[in-house]
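Residue strings, one per chain:
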Amino acid sequence: MKVLVIGGGAREHALCRSLSLDPDVTALHCAPGNAGIAEVAELHQVDALDGAAVARLAGDLEADLVVIGPEAPLVAGVADAVRAAGIPCFGPSKEAAQLEGSKAFAKDVMASAGVPTARSYVCATPAEIDEALDAFGPPYVVKDDGLAAGKGVVVTGDLEQARAHALSCERVVIEEYLDGPEVSLFAITDGTTVLPLTPAQDFKRALDGDEGPNTGGMGAYSPLPWADPKLVDEVMTTVLQPTVDELRRRGTPFSGLLYAGLAITSRGVRVIEFNARFGDPETQVVLARLRTPLAGVLLHAANGTLDTEPPLTWRDEAAVTVVVAAHNYPGTPRTGDPITGLDEVAELDAPHAYVLHAGTKQDGDAVVSAGGRVLSVTATGEDLAQARERAYAAVGRIRLDGSQHRTDIARAAAEQQ
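Residues numbered from 1 in each chain as written. Predicted model: local features only at pLDDT ≥ 70, side-chain atom pairs only at ≥ 80, totals over all residues. Heavy atoms only, no water.

### What about the pattern of salt bridges?
Step number 1: With the rule as written, the count across this model stands at 22 salt bridges.
Step number 2: Notably, a salt bridge pairs Asp-245 with Arg-248, separated by 3.2 Å at the nearest N-O pair. Highlighted residues: Asp-245 and Arg-248, both in helix H9 (residues 231-249), separated by 3 residues, approximately one helical turn.
Step number 3: By relative accessible area, which is 36% here, Arg-248 ends up partly exposed.
Step number 4: Residues Glu-246 and Arg-250 are paired through a salt bridge, measuring 2.7 Å at the closest nitrogen-oxygen approach.
Step number 5: A network of salt bridges, in which partner residues are shared, links Asp-108, Glu-246, Arg-249 and Arg-250. (Salt bridge = Lys/Arg side-chain N within 4 Å of Asp/Glu carboxyl O. Helix = DSSP H or I, 4+ residues; strand = E, 2+ residues; numbered from the N terminus. Buried < 20%, exposed > 50% of the residue type's maximum accessible area, 1.4 Å probe, protein only.)

### Brief notes about the layout of surface pockets
Step number 1: Approximately 520 Å³ is the volume attributed to the second largest pocket.
Step number 2: Along the wall of the second largest pocket there are 27 residues; nearest its centre are Glu-39, Leu-342, Ala-346, Val-355 and His-357.
Step number 3: Those elements that place two or more of their residues in the lining of the second largest pocket are helix H1 (10-20), strand S19 (338-340), helix H12 (342-348), strand S20 (353-357) and strand S22 (366-369).
Step number 4: Per-class residue counts for the lining of the second largest pocket are 15 nonpolar, 7 polar and 5 charged. (1 Å grid on protein atoms, 1.4 Å probe; cavity = no way out; pocket = protein on both sides within 12 Å on 5 of 7 lines; lining within 4 Å. Points joined across faces, edges and corners; volume = space filled by probe spheres on them. Nonpolar A, V, L, I, M, F, W, Y, C, P; charged D, E, K, R; others polar.)

### Concerning empty space enclosed by the protein
Step number 1: What the rule picks out here adds up to 2 cavities of 30 Å³ or more.
Step number 2: Reported here for the largest cavity is a volume of approximately 60 Å³.
Step number 3: For the largest cavity, the full set of lining residues is Leu-99, Lys-103, Ala-106, Lys-107, Met-110, Lys-143, Val-173, Glu-175, Ile-272, Glu-273 and Phe-274.
Step number 4: Counting only elements with at least two residues in the lining of the largest cavity, the list comes to helix H6 (103-113), strand S9 (172-175) and strand S17 (268-275).
Step number 5: Tallied by class, residues from the lining of the largest cavity come to 6 nonpolar, no polar and 5 charged.

### A look at the sheet that holds strand S11 (residues 194-196)
Strand pairing in a sheet is mediated by backbone hydrogen bonds. Such pairs are either parallel or antiparallel.
Step number 1: If you walk across this open sheet you meet the 4 strands as S11-S10-S16-S17, and the pairing is antiparallel. The two strands at the open ends of the sheet, each matched to only one other strand, are S11 and S17. Neighbour to neighbour, the strand axes of the sheet diverge by 35° on average, direction disregarded.
Step number 2: Packed onto the sheet, H9 meets strand S10 (182-189), S11, strand S16 (256-265) and S17 and runs at close to 125° relative to S16. (Pairing = 2+ DSSP bridges. Axes fitted to C-alpha atoms, helices over the stretch in contact; angles between N-to-C directions. Contact = heavy atoms within 4.5 Å.)

### A short note on the packing of H6 against H9
Step number 1: One way to put it is that H6 packs onto H9 with a least axis distance of 9 Å and a crossing angle of 100°. Here H6 lies roughly perpendicular to H9, going by the angle between them. Taking contact as the criterion, the partners of Phe-105, Val-109, Ser-112 and Ala-113 in H6 are, on H9, Pro-242, Thr-243, Glu-246 and Leu-247.
Step number 2: Here the contact of H6 with H9 is composed, by residue class, of 5 nonpolar, 2 polar and 1 charged. (Parallel < 35°, antiparallel > 145°, perpendicular 65-115°, else oblique.)

### Details of unusual backbone geometry
Step number 1: Tyr-329 connects to Pro-330 through a cis peptide bond whose omega is 10°.
Step number 2: Residue Pro-351 is reached from Ala-350 by a cis peptide bond, and omega for that bond is 0°.
Step number 3: Tracing the backbone through its elements, the reader meets Pro-351 in the loop between H12 and S20.
Step number 4: Here the phi dihedral of Asn-328 falls at roughly 85°; this positive angle occurs in a residue that is not glycine.
Step number 5: Although it is not a glycine, Ala-410 adopts a positive phi angle of roughly 65°.
Step number 6: By the element assignment, Ala-410 lies in the loop between strand S24 (399-400) and helix H14 (411-416).
Step number 7: Accessibility expressed as a relative area gives 1% for Ala-410, which makes it buried.

Take a look at the structure:
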């Protein structure tokens, strides 16, 4: 089949890498892509938020499947435009994507479906904000109701910082703090059948030891040696299937990738948030472990025939991703710096370690930084310790002036394995 992937980050590079290894994929296109994706797919320019333009490009390319990576095009209704053109599309409708596009909508769906989550208030005025902050007390959890590229959440013990973030949002969700480790669990669904993937854990804070500001994610690993073996079954029963059933009941079936961000609290599993697409950087480690060819699964989800797909199969290997970020990230990043060492990684570390591009672009013969999270260095190994060792060895070959990365991704989990 011919596949068009929409997006240009490390998540899309991971998707394109997996699709390029699928023998059923005869042509792979990506719009707009990046310098790394160009090595496995043909790149095209398109406004990813313009549904008509994306549908037109897919038609011109005679695509059999369109895969939409980022959340913004989904919330903008791009998947609807592609489907209206008669082309199968992996990604939820505009209405269903509100599960990520609006925290308040997600809370309403969870309440109707009986899904366990944090108690919360939706606030639109300073008085409501003060009342909610006072009701829950520290640590304060303040979430922008809308999309904020992974940086709309503040968790702090500082009342003034919490209040300032709340006031900067048009509408805000303030909720109780959930203790315990966090887990990301993805599921592919056609709106009825739900196919869970393997759990992963990501690292949101910028600095070692979970210090510093929140980011879009500085690394991830899978599997989780400390997690209950029954976790996936429990989340399927209490979270994923009820949510998909509730959205179908409302007449807004969710077809695509449903991402549950979970807290394993002292009182059981609780949903922190839903996303309507593959998460970044968890996708990088989850797809590194997926043995089942990807294209057919995504096409079944797009066509409503996921019930014919057998359970997914997984490699026994562990996977670790370390994000290399630009100077000053998650503030305004410095861009345009040359990146070297990529050839060394390809020559010396493949196939166990490889580089997925996020914020990069081609500048003549050079690859330069073009965003905050620049690269996701991903490695597999017999266990997490070996995967970590390989990932950090590859990171050590990469040179990007002023770059930063965490040195403790998966360290604690590797010691438990």
